[in-house]
Amino acid sequence: MSDDADTTFRPPYRVEVTDRAADLHEAHGDLAAGEGSGVTATVAGRVMLLRDMGRLCFATLRDSSGAVQLMATAKGTERYDELTALNLGDWVVATGEVVRSKKGELSVRVERWQLLAKARRGFGDKWHGITDTDMRYRQRYADLWANESSRRVFQARSRIMSLTRRFLEDRGFMEVETPVFHPIPGGAMARPFVTHHNALDMDLYLRIAPELYLKRLVVGGFERVFEIARVFRNEGLSPRHNPEFTMLELYQAYADLSDMMEITEQLVAHLAREVVGSTVITYGGREVDLTPPWRRATLLELIEEHAGVRLDLDMPIDELRRVAADHGVEVDPAWGPGKLILEVYEKTTEAELWGPVFVTDYPKEVSPLARDHRSKPGMAERFEPIVAGRELGNAFTELTDPEEQRRRFEEQARAKAAGDDEAMVVDEDYLRALEYGLPPTGGLGIGMDRLVMLLTDTHSIRDVVLFPTLRPEVG
RNA sequence: GCCCCUCUAGCUCAAUUGGCAGAGCAACGGACUCUUAAUCCGCAGGUUCUGGGUUCGAGUCCCAGGGGGGGUACCA
């Protein structure tokens, strides 16, 4: 063997790691300073800090559970000089007795250890971490090990997804997976991404919503279904918009709007309790009380509260147009009264709604998949939960009548023909499914990324999406 | 799309009115047996995002381009 071969680093293929940092702190919390536990532990992780004192050396080792100190001595630690020569960021596995240092820090007193990976690239600043946003998003791997706050957000996201699944399963919902490739994009009003299937020689659309497939499943007899669906919308990027994002959609047979409200507020309150520790949370320095029940108010009431104007669907269209224009809406002559009212609401009211509130009674003109309101003509049975000035979701008592659904689709198709490229198209198979019979059904969609933002007090969707869409890197 | 802000060493940041491009940390070499962002000594580190321009002289001023951020439009 040459000298070269001797020094070439060959990582082990497998390492037996028996302990995690957080568990050691848990198990040895009562160990006194300067005492040994008599227990041997093997921990692995990244060397984050190194304090070399000559014949004694301390290192801060971090694993996915937290951090624990390594203590090494010239006398008691094998290859001591190599250990003190480690670089910040190197991965190691170390075995030794769990002790508490004289100064009180829980430590593994290293007897045996092994290098697992070298950090050949520069470490971020050990105090400031990495703050450059471009690097944080492009090199999330560096962000995650340099920045504690980033790790916490994604751990919270994972828990939110897991808790949501369990919450729904406990209520009798079944998780399903429906197609991402849609021959006809539907279930929402948005521009889709288009791709092409070679063998079938046909264009396919990446889904903008799973809605129509999920309701087909209710037709098929699955009475409570949900999907945590990645959806894709071909629109601009912003702090609140990533082209791919995650939506929870659920459908419950025999249920209506009121059931969807109850699920929404219970789910969000449950997640807040589990993730934040309270149903009263702080967002952007301001308090939000998510404790159920949430306020219910109609769209028209809220417009009156915030814009000081009383609107209704029967007003002369010219008057609605004038009110909209007065509030800074760029009025499209093709819009009907419902769209005008919605525009006024979005311009004047939505961002002002801090509280959790269920905004109800949306015009049916802008709700092509929702059932007619049981008592208010021209309105649909639809609500949006608004928290901290943002839509958290969207819910309806579903439209189940195939004849009415066909009329709504055709209405949309006319809008599309008139140039609205976000309008829906007629989905004949969906209509056929409705003809087999969809029972009364409540449906709910929740924007999970925004929910994670709310519960982690983050203000850009890029802070809650591990690898957000960015322009390609150059140079 | 449009408007505004921003880009300096591996990281975090300085550099007066245009006047020799610097510090801390990391890295590298060395000292140290209880440190906690260890400390101390030493050394090295640059296409100041790119390309033009103004000027005796540009990190700094001007123009164009690129990346990022924020706002705005569309949307969740």
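What comes next concerns the included structure. (Residues numbered from 1 in each chain as written. Chains lettered and ligands numbered in written order. Predicted model: local features only at pLDDT ≥ 70, side-chain atom pairs only at ≥ 80, totals over all residues. Heavy atoms only, no water.)

Points about the overall build of chain A
At step 1: Helices and strands together make up the secondary structure of chain A, namely 14 helices and 19 strands.
At step 2: Projecting the C-alpha coordinates of chain A onto the three principal axes gives extents of approximately 90 × 55 × 45 Å.
At step 3: When contacts within chain A are restricted to residue pairs at least 6 apart in sequence, long-range pairs at least 24 apart make up 64% of them.
At step 4: Summing over all exposed atoms, chain A offers an accessible surface of approximately 23900 Å²; the carbon and sulfur share of this is 49%.
At step 5: Each charge sign in chain A was given a centre, from 60 positive and 79 negative side chains, and these centres are 5 Å apart. (Helix = DSSP H or I, 4+ residues; strand = E, 2+ residues; numbered from the N terminus. Contact = heavy atoms within 4.5 Å. Areas by Shrake-Rupley, 256 points an atom, 1.4 Å probe, with all protein chains shown as cover. Lys, Arg positive; Asp, Glu negative; His and termini not counted. Charge placed at Lys NZ, Arg CZ, Asp CG, Glu CD.)

With respect to the packing of aromatic side chains
At step 1: Scanning the entire structure with this criterion turns up 4 aromatic pairs.
At step 2: Here W294 and F358 contribute two aromatic rings whose centre-to-centre distance is 5.1 Å and whose plane-to-plane angle is 25 degrees, an arrangement assigned as stacked. With W294 in the loop between β13 (286-289) and β14 (295-298) and F358 in strand β15 (residues 357-363), the pair connects residues that are 64 residues apart, well separated along the chain. The two residues W294 and F358 agree in class, both being buried.
At step 3: An aromatic cluster of at least three residues, connected via ring pairs, comprises W294, F358 and F383.
At step 4: Positioned above the aromatic ring of W335 is the side chain of K339, whose terminal nitrogen or guanidinium carbon lies 5.4 Å from the ring centre. (Phe/Tyr/Trp six-rings, centres within 6.5 Å; stacked < 30°, edge-to-face > 60°. Buried < 20%, exposed > 50% of the residue type's maximum accessible area, 1.4 Å probe, protein only. Lys NZ or Arg CZ within 6 Å of the ring centre and 35° of its normal.)

Topic: the side chain of H373
At step 1: Relative to the elements of secondary structure, H373 occurs in the loop between β15 and β16 (379-387).
At step 2: For H373, a relative accessible area of 16% gives the class buried.
At step 3: Here the side chain of H373 touches D361 through a polar contact of 3.3 Å, side chain to side chain.
At step 4: For H373, the side chain forms a polar contact with the main-chain nitrogen of K376, separated by 3.0 Å. (Polar contact = N/O pair within 3.5 Å; in protein donor to acceptor, adjacent residues only side chain to side chain.)

Details of the pattern of salt bridges
Pairing is possible between side chains that carry opposite charge, provided their charged atoms lie close to one another.
At step 1: All told, the structure shown has 41 salt bridges when counted by the stated rule.
At step 2: Its salt-bridge partner being R109, residue E97 comes within 2.9 Å of it at the nearest N-O pair. Remark: R109 occurs in strand β5 (residues 106-117) and E97 occurs in strand β4 (residues 91-100); sequence separation between them is 12 residues.
At step 3: Of the residues examined, E97 reaches a relative accessible area of 17% and is grouped as buried.
At step 4: With relative accessibility at 34%, the residue R109 sits in the partly exposed group.
At step 5: A salt bridge links R414 to E411, with the nearest nitrogen and oxygen atoms 2.9 Å apart. Of the two residues, R414 and E411 both sit in helix α12 (residues 402-417), 3 residues apart, roughly one turn of that helix.
At step 6: Note on E411: relative accessible area 48%, which makes it partly exposed.
At step 7: Salt bridges here are not isolated pairs; linked through shared partners, they connect K364, D372, E404, R407 and R408. (Salt bridge = Lys/Arg side-chain N within 4 Å of Asp/Glu carboxyl O.)

A few points about the nonpolar core
If you look at soluble globular proteins, the nonpolar side chains tend to sit buried side by side.
At step 1: If you look at the biggest cluster of nonpolar residues, it comprises 43 residues, and the most contacted ones within it are L248, L250, L290 and L451.
At step 2: When contributions to this core are tallied by element, the ones reaching two or more residues are α6 (148-170), β10 (224-232), β11 (244-253), α8 (257-275), β12 (280-283), β16, β19 (441-447) and α14 (448-456).
At step 3: Per element, the largest residue contribution to this core is 8 residues, and it comes from α8.
At step 4: Residues in contact with L250, not counting those within four places in the same chain, are L168, F173, V225, F226, M260, I263, G442, G443 and L444. (Core = buried A, V, L, I, M, F, W, Y, C linked by side-chain atoms within 4.5 Å.)

In short, shape yes, function no, at least from these values alone.
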